[in-house]
Every structure is written in C-alpha cells, then in structure tokens.
Amino acid sequence: MAVYPFRKIESRWQTYWEEKKTFRTPTKVDTTKPKYYVLDMFPYPSGAGLHVGHPEGYTATDIVARYKRMRGFNVLHPIGWDAFGLPAEQYALRTGTHPRITTEQNICRFRKQLKSLGFSYDWDREIDTTDPGYFKWTQWIFLKLFERGLAYEAKVPVWWCEELGTTLANEEVVDGKSDIGGYPCERRMLRQWVLRITEYAERLLDGLEETDWPVSTKEMQRNWIGRSEGADIEFPVQDMDAASILVYTTRPDTIFGATYMVLAPEHPMVDRISTEVQQDEVQNYKDLASRKSDLERTELQKEKTGVFTGAYAINPVNKESIPVWIADYVLYSYGTGAIMAVPGQDERDWAFAAKYDLPIRRTVQPPPDFTGLAYTGDGPAMNSEFLDGLHIEDAKIRILDWLEEQKVGCRKVNYKLRDWLFSRQRYWGEPIPVVFQNEEVHSLPENVLPINLPELDEFKPSGTPEGPLALATEWLTVTNPDTGEVARRETNTMPQWAGSCWYFLRYIDPRNPERMVDPELEKYWMPVDLYIGGAEHAVLHLLYARFWHMVLYDAGVVSTPEPFAKLVHQGMILGELEYTAWRSSATGQWVSAEKVSDGKEVHTGIILEPVQIDVEAVAKDRERFLLKDAPDIQLDVRAFKMSKSRGNVINPDEIIEQYGADAFRLYEMFMGPLEQVKPWSTRGVHGTFRFLSRIWRLITENPLSEKEPDRKQLRILHQTIERVTNDIENLRMNTAIAALMEFVNAAFKWKELPRTIAEPFVLLLAPFAPHIAEELWSRFGYKDSLAYAPWPELNLEYLAEELIDLPVQVNGRVRATIRVAPGADKQKVLHVAIQEPNVKRFLGDAPPRREIYVPGRILNLVAAK
RNA sequence: GCCGGGAUGGCGGAAUUGGUAGACGCAACGGACUUAAAAUCCGUUGGCCGUAAGGUCGUGCGGGUUCAAGUCCCGCUCCCGGUACCA
C-alpha cells in the first residue's frame, strides 16, 4: 500500500518555488491586468514561534492569492515582521542579549515556519519594522505629522509603570495593571508626544461607511470614537464676578432638573471657588483622588464619593442657586470636566444625590408603570416651564435655540476618543526625529533620516521617565543640522503601533531609497483588497492605521482615504475539547457538574478541584456526558483558549512533521467558517491527511484514461468547479474542501479516471494543498508550476441533469420522491406524483385541495378535508 | 448595564431568494486485510416504534405567519466577544 510521500513532495516544491521565485511580483507589472492585494496582519516574531492561530488567517489569504493568480490577476501577497516591541527588550534586560539578536533569531524561526507551510509570499518584499531602511520612513511620516501640527508635546497624566520603567498608553493598561506583565501602574504628569487623532474623529467615523468590514468591528470603532451631540452651557458662579463653570451635556432638555453641579477633582476652577470653610475637605479629597488609580476610581463605582466646595452656581434657565460639588465620578478628560447633575434623569446623578441628600426633580414624565429611580427614557417634559409637554427630541431643539439666543450655551459635538499618546520610554522602538535646543523642539531635516538607535550595553530603564536612551551620552548630543547648534536628542521612542500603521504601503515598493512608496505603484496597488487578521486589532491597530493613512492622503502621498477595502477576522482556535469532572479535595468525592458553579458546590459552597477526564473514561447518555465509572456524575465539556499554563497548546511544527503542510492547511480551513471560534482536533488533521492520501491513490495508482469523459463525470467536475469557485470568492474554505472531498468520493466509484477530468480537479485543489497539487501536475507531464495555470472554466451546460429526484409532500411532509425532468410541467409532475402509493395513502380518495409546484425543488399537495 | 455575535446528531460543521434538515469530516459500530495490533480499505450510523415497507419526534425555550420555517415575526433563556461613571 503506497503511502502519500508528503515529506519528499513538500520539501521538493518549497525548494522549487524558492529557487524559481515562482511568487515574485515584479516591480513592473502589466498594469492593464486587474490587481489583487491580499494582506495578512504581519506577526510580531515572538520567541514562542508560530502557534496554530497564525496559519489560519495566513492559509485563507494564501488560498485567495493562489486562486487570483490562476484567474489572471496581478497578485501582491507579502509578509514581514512587526519586530519592535517590549518582549525583546525585556529579554535583553534579563540576559543582556541585544534585542536585535533576539529579534533576528525569532524572525528566522518564523520565516522558516512560514516557509514550511508553503505560503506563496513574495519573499523579495519581506520587510522588518526594525530595519533602518524601513523605520527611516516611519520617522519621515512622523515629520509629516509634526509639520501638519498633528504631533505635539504635552504634559499629560499618563500611566507610569514602575516595574517596566516606562509609561504606557491607556490601551496598554487593563484594570490598572499593565497589559504585558500585569504590573501595577499609576498616574503621573509627564512630557509626552501626542498625536492629534481627535482632529480626524469625524472622518474616521465617516470613512467606515465606505469599507467592507465586519459590522461588529465598525461598531467597535464607532463606540471607541464615541461621538455624541449635546451642548456646552455656562453656569455663572454665585457671588463671583466673571466666573462661570462650563458644562457639557447631551441632555440640555433636562436643565430644569439640574439640582447641583459636579466638577472633576482636577478641574482648575476648584481652588478658585472653594470656600474657606470647605477648603480642607476639598484639598483632602483632591489628594485622595490624585492618588487613586483609574482602577480604584472605576472599581469602586458602586459607591460614589464627593465633597461640597461651598460654592453655588446659577442655573441660567431658572436662576436657581445650586450647590457645586467635586466628585471623581466626573472625569476631567471628557467634555469640559464638569457637569450639571440631573438626578431625575441620570442614574449616576441619582445615586450621588441620594447619598448626599441632594434634591431630585423629575423633568421627564415617566410612564405610569415606571418603577425605577432615574428615568432615562422618553416622555413629555415637566417642571420645565416653556419645555413642558415636549418630548426629548423637540425639547432639546427648543432649549438649544434658547441657550444660543441667550448666549449662555451652544451646540457641541464631543468624542470619547482621546489624542494618541505616542511616546514610550523604551529602547527597542523607532527614535523620534526631533532634538531639543534651549527647551525648544526642532524637527530634524529629512536628509538625516534614519535616526538610528545607539548601541547600548545596558537596557535598564534609567529609572527616570526618560528611559534607556538617556544613558547613551554620546548619541544624545548632536549638532542640529538646521541651526548648527548643539542640541539634545529626544529620548522617547515610538510605540509598537507606529510600524504597523503603514507597512502595507512599503510592501508595494519595499526597497525604494528615495521615497516611502512610488506614487504610480501606490496608485495601482492600493487599496488592500482583502485584509485578514485577528479581531483583537479591531480598534487600535486598525484605527491608528486609518488615521495615518488619512493624513498621508491629505499630504498627497497616497491616493485613497481608506487603506483596507475588505477586512475579515479569523476566529480563534481553541484547544482540544476537554472533559472535566469535579471532586472535593477534602473527601475525594465526585460532584456532578450540574451542582457546580464557579468551582464550588452550589449548596455547601465547598471548593472543588477540576479533574481532566480522558475520553475513554467518558460515557454519554443522551445529551449528557457522564463518568463511566460513576454514571450519576455529570461532566463539563468545553474547549479552552490555548495557553501554556493549561498545557493545551498545539505546536504546528509537530503537526506538519506528522501529517505534512497540506494536511495541516486543509484541516485549518476545513474546521469551520473562517470567522468562527472553533476547537482544535488532531484527529481532524488525520482526516484531511486521509483525504490527501485518497487523492494520491486515485491519481497515481492507475494510469489515467485518455478517453473522453462521460456526462456524469463532466457534471460532477463542473459542479465541483462551481462550488469551489463560489466558495473561495466568499471565503467559505470549509465547504470548498467538502466539495473537493465529494468529488473524490464520486471519482473512486468510476472504473477509469479520464485525464481531462483529473487535470482540472488538481487545479481546483492547488490553492488549498499546493504541494501535492504541484507534484501531481508535474506527473501529468507539465514542466512548469501550476501557479499561473488558468483556473478551470465552468460550463453551465454540463450541470444540467436529465432527471432529478423531486420530493413530493402531502400537507408539508415528504411522502415520496419521483424522478422527473427538472423543468417538467405541473400536469405531468402531478400525474406521476399521485400514482405513488404512499402519496395516494395520505391524499385519500379526493383530489388535492391545492397543489404547490416549485419546478426542480418540490411538489406539495394539500389534501382535501 | 450597554453594544455585537451565536445556539443544528456523540463532536466540528452543511443547508441559494422559506422548498427532502444533518452535506463533508471526526468519533462509534460491523466487516476485509494481518499471527496480532496499528495503519489502510469497504459498509452502517439523529432519537423512538417496526423484521420490513413505513411511521413518528426532532435545529436553545414559548408563541405566531405560511401549502411549507433551522431560515421570517413577537417574547424569553443561556453562551461567547467587546466595552464600561464618556454626562
């Protein structure tokens, strides 16, 4: 029994592709041909190597790339490395190994692994964000941002992580702990580079309309940008001339219900307005708030706190005097940092008012059955003088007009989106191309780029907010080429996001020393037609990249406002299904899973330990899984996210070693829909391996027939062409593979396999399992790779069948199937159908009351009576 | 809480505009090959009743529309992802 020699085949073809540069996309392509730019989110080359999640998206794009080549497109399908980043630097800190060394090693490992999967990347276009030839242009873009006033310095409260010795972006801090490492972080005021992304908020929002992206991702970006419409309203401070507090509200219609005001503790007005009596209390509260991390501020949100400043403000609509408080439930960084509190219509304000015994006044009539506290729904206004009776929308318009007439307020749009904190106190990142001279910032001229990193022996944070570059004394001092004076370099570097904001442009023209990308080439290749990557980048990477791209568009560097036309997220691959039994550690007794919640016995609260059960020891009873030895004990069945600590990580290298790259690729695509989360099953790989072995035997065990194929063979081939083609176009790789399997199952029943059937089949297989396909293709006698062989053409004529099985229903239930021509007329079909004994039986003697005939689909007869 | 997605055999999943639910694969079972096992190959496989023909129930739960509902409508439950004092 000949086995399918995948090791030999796969290494042969990988070598062939590499030597012949089969997938090279020349700089000069025939631009009269259509183009297709298919892009993977490039990986961070971590020390752990590739995991099974990477090849999922990469295989999907590879299939599309190979398919589009066969359809005559010029295809751009590149790969590279997002290689700056903290892990290499932290490794350097521990071991003294230069991050460049670590990075290079990791890249080599990743490259080798990707090549072992047979992806059709144009390796001549490989890029690396840490390469000076690359980050020269990252720095160049920074200069563009700086020129356009979109990069500025600010003293901003930022997350400072003592352990990492660096500041972090909001996004890198989760629950007051660093995203990487989980170390505690605190707020500090530091000088930082900030990018004015908020200037583009509206356009970033609008641009989403033009993209073919998952709705969920667009929605996440919209939420992140967080546009809201409302008003800025001025409240004069009582007994203080020319002092007023500006608030932002989205509910100006409720202004008659404003019974107090709240300032954020950091608000500059606080000190001015606080009365002497309250001074101590206010200062105490401010100190407390500044020391609280955001974690504490949000974690303790159930219990709101605040203190009275002693001051009062005048409500401009009714001249009422209302107390001014400070409280940390109001954020200084959003809106004006101050609010008018309307407890009647706002749950947070209600909670605060209830706690401190502040007045509550409803200004929207809740429905009669309303039982809650604050009412945030719609209804007629009340207690609101000239607004009374108006519903929210109308009341808003009325009050906004009034406020603007009286010049005490104006319409205002606000965004949750903040400017992007762009500097990091790290070594392993792009240096920011500016210098300081007498406390002043000067951007460096383009011709001195790239600004390289200095060589360092130590990578320790300097312990100050300056980071390790502050220790590179020689590097630090420079003559400013513009002024000829001595200047000091910026010690901050860029965040890891920088390099990935524009890498897709560099692939188009990767070695150009003169420009970041040639405009003609950019125009031809952009936008990216298909972009596949993880949903974890739904907001940050994809929003930052869009922002930079819009700036480059405004600067005339690129030709499209949006970089990624179509975006797809591959779903996460979980570990193998696990069966878990629960056991009391104390008594060793099993506890049935339905009595367990949160790892505890539901009634007694006893803490239980989970025990992994081997499949062999599992019995099943209907929809429940039981312990074979103790059938009254139910098990939990679930797949978990792969993690080292859980020990359920699958290493792709081992799978490829055992089953080959083709079987691995095929399985990753066959598991289920690309976007979906799905559990891994190594048995499943065995299944796709078996499928490839069957193909191998089908085509190599017996000589192909040179005879003309029969109609049935042609029909099956063309059905397969149709299905595979449609499925690839719609990224339904799982059903495309099922179609290929069905073809093979059918072909095994034939006495002979005609060459004219086998050859197109191998072409259909090629995008999915390229190695075996190339091998078979060459055995057919072809000298060249099939990479550019034309995709099999669908001939609809061959799909037609003379006779089909038509289901016949009586009262909506199938009672028989009859063989008729697909387009047979109703009379004829009816005639045949009522001959069927089973149909007769259910129809009774009387003719049917109604007949529904959908040609080619169904005949449904409604019985009389 | 809010936003988004989902629930179909023992498991992963199929199912055009509503038109034979369970394609394809895994697992399981039976058989072939083998001294034996693994591998491989062939066959069976949603539950229940029936020797069979066939019947009957069945796509998270409860209603509805329709000749016909996994698919459409109304009301829920649970799971996953995101987000969270944004005024």
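Residues numbered from 1 in each chain as written. Chains lettered and ligands numbered in written order. Predicted model: local features only at pLDDT ≥ 70, side-chain atom pairs only at ≥ 80, totals over all residues. Heavy atoms only, no water.

Caption draft 1: Up close: the packing of helix 18 (residues 652-659) against helix 19 (residues 661-670). Two elements in contact, helix 18 and helix 19, have axes separated by 7 Å at closest approach and are oriented at 120°. With respect to helix 19, the axis of helix 18 lies oblique. Across the interface between the two elements, Pro-652, Ile-655, Ile-656 and Tyr-659 from helix 18 touch Ala-661, Ala-663 and Phe-664 from helix 19. Among the residues making up the contact of helix 18 with helix 19, the classes are represented as 7 nonpolar, no polar and no charged. (Axes fitted to C-alpha atoms, helices over the stretch in contact; angles between N-to-C directions. Helix = DSSP H or I, 4+ residues; strand = E, 2+ residues; numbered from the N terminus. Parallel < 35°, antiparallel > 145°, perpendicular 65-115°, else oblique. Contact = heavy atoms within 4.5 Å. Nonpolar A, V, L, I, M, F, W, Y, C, P; charged D, E, K, R; others polar.)

Caption draft 2: Geometry of the environment of Pro-380. Within the secondary structure layout, Pro-380 lies in the loop between helix 11 (347-356) and helix 12 (392-406). Relative accessible area serves as the criterion here: at 29%, Pro-380 is assigned to the partly exposed category. Here the alpha-carbon distance between Pro-380 and Arg-111, two residues 269 residues apart in the chain, equals 65 Å. In contact with Pro-380, not counting residues within four places along its chain, are Thr-363, Val-364, Gln-365, Gly-389, Leu-390 and His-391. (Buried < 20%, exposed > 50% of the residue type's maximum accessible area, 1.4 Å probe, protein only.)

Caption draft 3: Spotlight on the packing of aromatic side chains. The full count for this structure, using the stated rule, is 51 aromatic pairs. Where Trp-137 meets Trp-140, the ring centres are 5.7 Å apart and the plane angle is 65°; that geometry is what we call edge-to-face. With a gap of 3 residues between them, Trp-137 and Trp-140 both fall in helix 5 (residues 132-147), about one helical turn apart. For Trp-140, a relative accessible area of 12% puts it in the buried group. Relative to Trp-548, the ring of Trp-420 has its centre 6.4 Å away and its plane inclined at 45°; by these criteria the two rings are tilted. On the criterion of sequence distance, the pair formed by Trp-420 in strand 17 (residues 420-421) and Trp-548 in helix 17 (residues 540-554) is long-range, its members being 128 residues apart. Each of the two residues, Trp-420 as well as Trp-548, counts as buried. Lying over the aromatic face of Trp-17, Arg-66 brings its terminal NZ or CZ to 4.7 Å of the ring centre. (Phe/Tyr/Trp six-rings, centres within 6.5 Å; stacked < 30°, edge-to-face > 60°. Lys NZ or Arg CZ within 6 Å of the ring centre and 35° of its normal.)

Caption draft 4: Broad picture of the domain arrangement of chain A. If you check the domain split of chain A, you get domain 1 (140-199 + 419-489), domain 2 (228-413), domain 3 (582-641), domain 4 (652-792) and domain 5 (801-862). A C-alpha centroid distance of 38 Å is found between domain 1 and domain 2. (Domains from an automatic or database assignment.)

Caption draft 5: Quick look at the protein's contact with RNA strand B. Close to RNA strand B lie 59 residues, the nearest being Thr-250, Lys-304, Arg-348, Gln-676 and Arg-683. Restricting the count to atoms of RNA strand B within 4 Å of the protein gives a sugar and phosphate share of 69%. A distance of 2.3 Å is found between a sugar or linking oxygen of RNA strand B and a backbone nitrogen or oxygen belonging to Thr-250. Within the side chain of Asn-734, an N or O atom sits 3.1 Å from a phosphate oxygen of RNA strand B. Along the lines of polarity and charge, the residues of the surface near RNA strand B split into 24 nonpolar, 16 polar and 19 charged. (Near = heavy atom within 4 Å. Polar contact = N/O pair within 3.5 Å; in protein donor to acceptor, adjacent residues only side chain to side chain.)

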